[in-house]
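Tertiary structure, described
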Amino acid sequence: MFNINNIIFRGQTNAVNPVNAQPQTAARADFTISEDKFESTNPKRYTSEFIIRKLSGQNPEIKKILNEINIPYQINMDELNKTLEGHCTQTQQIAEGLVKNLPFALESKAHLKEIKDAAYLHDIGKVFIPPEILNKNGKLDDREKAIIQKHSQLGYELLKNTSLNPITLNLIKNHHQDAKGSGYPVVNKNFKADLDLQILSIADKYSALTEVRPYKKALTREEALTIIRADVRNGKFNPLIYNALVNYTDNTALTENKINV
């Protein structure tokens with residue numbers, strides 16, 4: 001079986017009868033099909049307040065989790081929308097860039113659609129987290145950390161009964177995990193952080209490190225890469241995925257410099 005952690009570092013057309021042809025009707029039908037397909041595969045379809053309330057109301061596990069961590073059931077759409085438009089969209093862009101900068105043998109094994117969907121939706125569980133904890137200007141205490149760390153499980157529970165691919169759901173649930181299983185939620189000894197998950201986890205971490213948060217300043221590219229390189233040395237991420245991040249961010253920086261010149 002292929003294991004990325006074992007890699008050494010370094011269309012037919014139909015004829016139409018002109019007499020019976022109806023080109024305008026056919027054009028409208030094609031457009032409708034295309035539009036419906038887009039809507040049915042776009043992860044944004046799960047991010048409206050109406051859908052979130054509907055999905056959360058159908059799964060009692062969500063309120064059970066909130067009761068366990070002693071926070072009320074609330075839908076914080078303002079915070080979610082800011083996260084989706086900023087961090088989640090950036091994570092999605094970085095994850096796609098990582099895939100495209102992998103060696104071909106790895107790129108061909110990555111599930112790009114599922115990774116991109118998970119990248120956009122990975123923090124949707126934060127819609128249940130109180131804003132005063134999400135935006136705390138200072139270090140979180142143990143209770144607040146425990147609450148924040150439930151967001152990945154809450155996101156999974158919110159979306160698990162939808163038509164999302166199981167690969168996407170697994171990525172949402174475990175996007176704070178790594179190859180050593182040292183993240184959250186808790187996993188058993190058989191857990192494997194596969195290629196897709198390591199791509200999403202690195203993209204998420206790089207995005208978080210390089211953006212301003214209420215409790216920290218934005219790190220530079222070099223500072224963020226240094227932190228993630230330490231994770232690679234500790235066995236948390238595959239070095240080839242890290243190399244893809246270096247290449248992607250280097251190319252992005254070069255492009256931005258050319259635009260600004």
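What you see is a predicted model, and the numbers here were worked out from it, not measured in a lab.

Parameters and conventions
- Residues numbered from 1 in each chain as written.
- Predicted model: local features only at pLDDT ≥ 70, side-chain atom pairs only at ≥ 80, totals over all residues.
- Heavy atoms only, no water.
- Helix = DSSP H or I, 4+ residues; strand = E, 2+ residues; numbered from the N terminus.
- Buried < 20%, exposed > 50% of the residue type's maximum accessible area, 1.4 Å probe, protein only.
- Areas by Shrake-Rupley, 256 points an atom, 1.4 Å probe, with all protein chains shown as cover.
- Lys, Arg positive; Asp, Glu negative; His and termini not counted.
- Salt bridge = Lys/Arg side-chain N within 4 Å of Asp/Glu carboxyl O.
- Polar contact = N/O pair within 3.5 Å; in protein donor to acceptor, adjacent residues only side chain to side chain.
- Contact = heavy atoms within 4.5 Å.
- pLDDT = per-residue confidence, 0-100.
- Axes fitted to C-alpha atoms, helices over the stretch in contact; angles between N-to-C directions.
- Parallel < 35°, antiparallel > 145°, perpendicular 65-115°, else oblique.
- Left-handed = near helix turned anticlockwise from the far one by under 90°.
- Nonpolar A, V, L, I, M, F, W, Y, C, P; charged D, E, K, R; others polar.
- Phe/Tyr/Trp six-rings, centres within 6.5 Å; stacked < 30°, edge-to-face > 60°.
- Lys NZ or Arg CZ within 6 Å of the ring centre and 35° of its normal.
- Expected span 1.5 Å × (residues − 1).
- Core = buried A, V, L, I, M, F, W, Y, C linked by side-chain atoms within 4.5 Å.

**Looking at the overall build of the chain**
- Helix and strand counts for the chain stand at 13 helices and zero strands.
- Scanning the chain from its N terminus toward the C terminus, one meets helices and strands in the order α-α-α-α-α-α-α-α-α-α-α-α-α.
- Counting all 261 residues of the chain, 41% fall into the buried class.
- Accessible surface for the chain amounts to roughly 15100 Å². Of this, 52% is attributable to carbon and sulfur atoms.

**Some points on the side chain of Asp178**
- Inspection of the secondary structure assignment puts Asp178 in the loop between α10 (166-174) and α11 (195-209).
- No salt bridge is formed by the buried Asp178, whose closest oppositely charged neighbour, Lys236, lies at an N-O distance of 4.6 Å.
- Here Lys180 takes part through its backbone nitrogen, which lies 2.8 Å from a polar atom of the side chain of Asp178.
- When residues no more than four places from it in sequence are discounted, the contact partners of Asp178 are Gly183, Phe191, Ala193, Lys236 and Phe237.

**Some thoughts on the confidence of the model for the chain**
- Here the chain shows a mean pLDDT of 87. Residues at 70 or above account for 82%.
- This model gives residues 6-38 a pLDDT under 50, and the stretch forms eight contacts once residues within four places in sequence are excluded.

**With respect to the packing of helix α6 (residues 112-121) against α10**
- Interaxial distance between α6 and α10 falls to 9 Å at its minimum, and their mutual angle equals 40 degrees. Here α6 is positioned oblique relative to α10, judged by the angle of their axes. The two elements α6 and α10 cross, and the hand of that crossing is right-handed. Together, Glu114, Ile115, Asp117, Ala118 and Leu121 of α6 and Ile167, Thr168, Leu171 and Ile172 of α10 make up the contact between the two elements.

**Side note on the packing of α10 against α11**
- Remark: α10 packs on α11, axes separated minimally by 10 Å, with the N-to-C direction vectors making an angle of 45 degrees. It follows from the interaxial angle that α10 and α11 lie oblique. In terms of crossing hand, the pair formed by α10 and α11 is right-handed. Along the contact surface, α10 presents Ile167, Leu171 and Asn174, while α11 presents Asp196, Leu197, Leu200 and Ser201.
- Looking at side-chain class alone, the contact of α10 with α11 contains four nonpolar, two polar and one charged residues.

**Points about the packing of aromatic side chains**
- This structure, assessed with the given rule, holds one aromatic pair.
- It is Lys63 that lies over the ring of Tyr73; its NZ or CZ is 4.7 Å from the centre.
- A cation over an aromatic ring shows up here: Lys173 above the ring of Tyr156, its NZ or CZ 4.8 Å from the ring centre.

**Side note on α11**
- Here α11 contains 15 residues, and its C-alpha end-to-end distance of 21 Å stays within 8% of the 21 Å for a straight helix at 1.5 Å per residue.
- Within α11, 14 of the 15 residues are buried, which leaves it mostly tucked inside the rest of the structure.
- For α11, the N-terminal capping position is held by Asp194, with its side-chain oxygen 3.3 Å away from the main-chain nitrogen of Asp196.

**Comments concerning helix α9 (residues 151-159)**
- Among the nine residues in α9, seven count as buried, and that is most of the element.
- Where the residues of α9 are buried, they touch α2 (49-58), α3 (60-68), α6, α8 (142-148) and α10.

**Overview of the nonpolar core**
- Membership of the largest hydrophobic core comes to 61 residues, with the highest contact counts inside it found for Leu159 and Ile199.
- Contacts of Ile199, omitting those with residues within four sequence positions, involve Ala95, Leu98, Val99, Leu102, Ala110, Ile115 and Ile241.

**As for the pattern of salt bridges**
- Taken as a whole and assessed by the stated rule, the structure comprises twelve salt bridges.
- When the shortest N-O distance is used, the salt bridge between Glu96 and Lys116 registers 3.5 Å. Of this pair, Glu96 sits in helix α4 (residues 77-100) while Lys116 sits in helix α6, and the two are 20 residues apart along the sequence.
- A relative accessible area of 21% places Glu96 in the partly exposed class.
- Under the relative-accessibility criterion, Lys116 is labelled partly exposed at 25%.

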